[in-house]
Amino acid sequence: NDLASEYPIMKLPDSGIWCGFRALKYADKVNKEMVSSVYGTLGENYIAKKDFDSAIIVSKKGIFLSEDAHTNTSLYGNIALSFLGRHQYDSAMYYAEITIFRSSQYGFNDQLQLGYECLYQCYEQKRNTDSAFKYYRLAVQTRNELFSSQKEKEIRAINLREQVRK
């Protein structure tokens with residue numbers, strides 16, 4: 001599943017889908033939470049391929065199986081992005097709102113940023129500039145917070161390595 005999740009980033013979604021289905025065969029033997037995570041990865045690959053209908057189908061299957069809050073939230077995010085890709089802005093906004101609510105509730109800033117970006121793009125397409133600007137600012141602010149916390153973790157890791165060397 002980890003390998004399959006890298007393919008949409010490398011713009012090779014077909015390879016990611018193939019790896020995802022292979023991972024699905026093995027995940028099914030492990031536990032249902034692993035299966036829902038693989039469905040999330042398949043959804044990401046289908047989104048990269050612009051096959052939004054398939055992305056919605058596998059993401060909904062994953063939600064049905066998932067008990068993990070982060071996996072579940074990212075699956076809702078996949079559905080929001082899929083409806084955005086289909087230009088069904090009201091549906092995209094509905095799922096983006098769920099993603100934002102769950103992300104705020106559990107502190108999932110990566111998914112919070114995704115939800116804000118989706119809403120900003122929906123409002124932009126609907127020509128609602130005030131709301132688009134509001135969610136754009138929130139998306140940028142969240143991205144900056146994510147970047148800052150990531151850099152802080154990297155600095156801590158470097159400091160820890162230096163202390164261990166001494």
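Attention here is on the structure that accompanies the text. (Residues numbered from 1 in each chain as written. Predicted model: local features only at pLDDT ≥ 70, side-chain atom pairs only at ≥ 80, totals over all residues. Heavy atoms only, no water.)

## What to know about a nonpolar patch on the surface
1) Next: Side chains of Ile9, Met10 and Leu12 sit close together on the surface and give an oily, nonpolar patch of about 310 Å² of accessible area.
2) Next: By secondary structure assignment, the location of methionine 10 is in the loop between helix H1 (2-6) and helix H2 (13-30).
3) Next: Among the residues examined, methionine 10 registers a relative accessible area of 47% and is labelled partly exposed. (Patch = residues over 30% accessible without salt bridge, like charges linked within 9 Å, V, L, I, M, F, W, Y side chains within 5 Å. Areas by Shrake-Rupley, 256 points an atom, 1.4 Å probe, with all protein chains shown as cover. Salt bridge = Lys/Arg side-chain N within 4 Å of Asp/Glu carboxyl O. Helix = DSSP H or I, 4+ residues; strand = E, 2+ residues; numbered from the N terminus. Buried < 20%, exposed > 50% of the residue type's maximum accessible area, 1.4 Å probe, protein only.)

## Some points on the layout of surface pockets
1) Next: Empty space within the largest pocket amounts to approximately 420 Å³.
2) Next: Lining the largest pocket are 17 residues, and of these Pro8, Glu44, Ile47, Asn78 and Leu81 sit closest to its centre.
3) Next: Looking at the lining of the largest pocket, the elements with two or more residues in it are H1, helix H3 (32-49), helix H5 (69-85) and helix H7 (109-125).
4) Next: No other element matches H5, which puts five residues into the lining of the largest pocket.
5) Next: Class assignment of the residues belonging to the lining of the largest pocket gives a composition of eight nonpolar, six polar and three charged. (1 Å grid on protein atoms, 1.4 Å probe; cavity = no way out; pocket = protein on both sides within 12 Å on 5 of 7 lines; lining within 4 Å. Points joined across faces, edges and corners; volume = space filled by probe spheres on them. Nonpolar A, V, L, I, M, F, W, Y, C, P; charged D, E, K, R; others polar.)

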